[in-house]
Amino acid sequence: PTSFEDLARFDKENKHDALSHIHYPRNFLLQLNEPDNDSNICNEESDENVDIYNEEQDKNEDIENHAHAFGLFAYIVLVGACVQVNEKCFELITSSSLYDISSQVTWKGNSPFSMLCEGDYNSSRNYMVQALWRLGYPKLEGHYAGYGNNQSYCIYVAKPTTLLYCVGNVVGGPVHPDDQKLCHYLRGEGDGREVNNELSNQLINA
């Protein structure tokens, strides 16, 4: 399976722009392999051998690009399955092992987990949350929801009236009891912990 950082680099270098709302870390795209130090040394091999080598190199690059392309496809489908809370599509794409779910980074907004929380209520949501973690998806410490990568996940599950930007769902409605339980569960797993600690300290100081 292809890691998220490989997908992000492949997407950016090939100008696919398939990953929306992505804030690349500084110098991320400079983390490429250093050029071969021997590249300027004259190659005394025959042109035939050189051509064979280049052909093999091109084949290897094509194979690698195809793996990244399939991995990028799997990631996009995974995000779509999560925002639609579609259990069958989720099961199908995760069983393909094209994308390394455990490689999700902290600097990507609108992540699969974020989009799963943003979707409308569905009885499969809690199962899919558990399935992501069983498949190695990182726990919530250091990860945030939303395209700005700065919100707690519970905000997107509960969808209060203050959730106004870039969300196509109805906000301010009653929260389904299953989603209420999910919010408590996510809080127990560290969602919003930093904000809660900051609020607690403010209340104590007050």
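Residues numbered from 1 in each chain as written. Predicted model: local features only at pLDDT ≥ 70, side-chain atom pairs only at ≥ 80, totals over all residues. Heavy atoms only, no water.

Caption draft 1: Molecular detail of the confidence of the model for the protein chain. Confidence in the prediction for the protein chain averages 80 pLDDT; 79% of positions are at 70 or higher. Mean pLDDT values for the elements of the protein chain range from 69 in helix α2 (residues 47-83) up to 96 in helix α5 (residues 125-134). Predicted confidence for residues 32-55 stays below pLDDT 50, and this span has four contacts to residues more than four positions away or in other chains. (pLDDT = per-residue confidence, 0-100. Helix = DSSP H or I, 4+ residues; strand = E, 2+ residues; numbered from the N terminus. Contact = heavy atoms within 4.5 Å.)

Caption draft 2: Region of interest: the side chain of D179. Residue placement: D179 occurs in helix α7 (residues 177-188). Excluding residues that lie within four positions of it along the chain, D179 makes contacts with Y121, R125 and V157.

Caption draft 3: Looking closely at α5. Those residues of α5 lying buried are R125, M128, V129, A131, L132 and W133. The first or second residue beyond α5 is G136, which carries a positive phi of 100°. (Buried < 20%, exposed > 50% of the residue type's maximum accessible area, 1.4 Å probe, protein only.)

Caption draft 4: Layout of empty space enclosed by the protein. Applying the stated rule across the entire model yields two cavities of 30 Å³ or more. What the largest cavity holds in volume is close to 100 Å³. Every residue lining the largest cavity is listed: L140, E141, G142, H143, Y144, Y153, G190, D191, G192, R193, E194 and V195. With three residues, helix α8 (residues 193-205) is the largest single contributor of residues to the lining of the largest cavity. Across the lining of the largest cavity, the residue classes tally to four nonpolar, four polar and four charged. If you add up the space inside the second largest cavity, you get close to 50 Å³. Lining the second largest cavity are A74, Y75, L78, I93, T94, S96, S97, L98, Y99 and I101. Elements that contribute at least two residues to the lining of the second largest cavity include exactly α2 and α3 (87-95). Per-element tally for the lining of the second largest cavity: the top contributor is α2, with three residues. (1 Å grid on protein atoms, 1.4 Å probe; cavity = no way out; pocket = protein on both sides within 12 Å on 5 of 7 lines; lining within 4 Å. Points joined across faces, edges and corners; volume = space filled by probe spheres on them. Nonpolar A, V, L, I, M, F, W, Y, C, P; charged D, E, K, R; others polar.)

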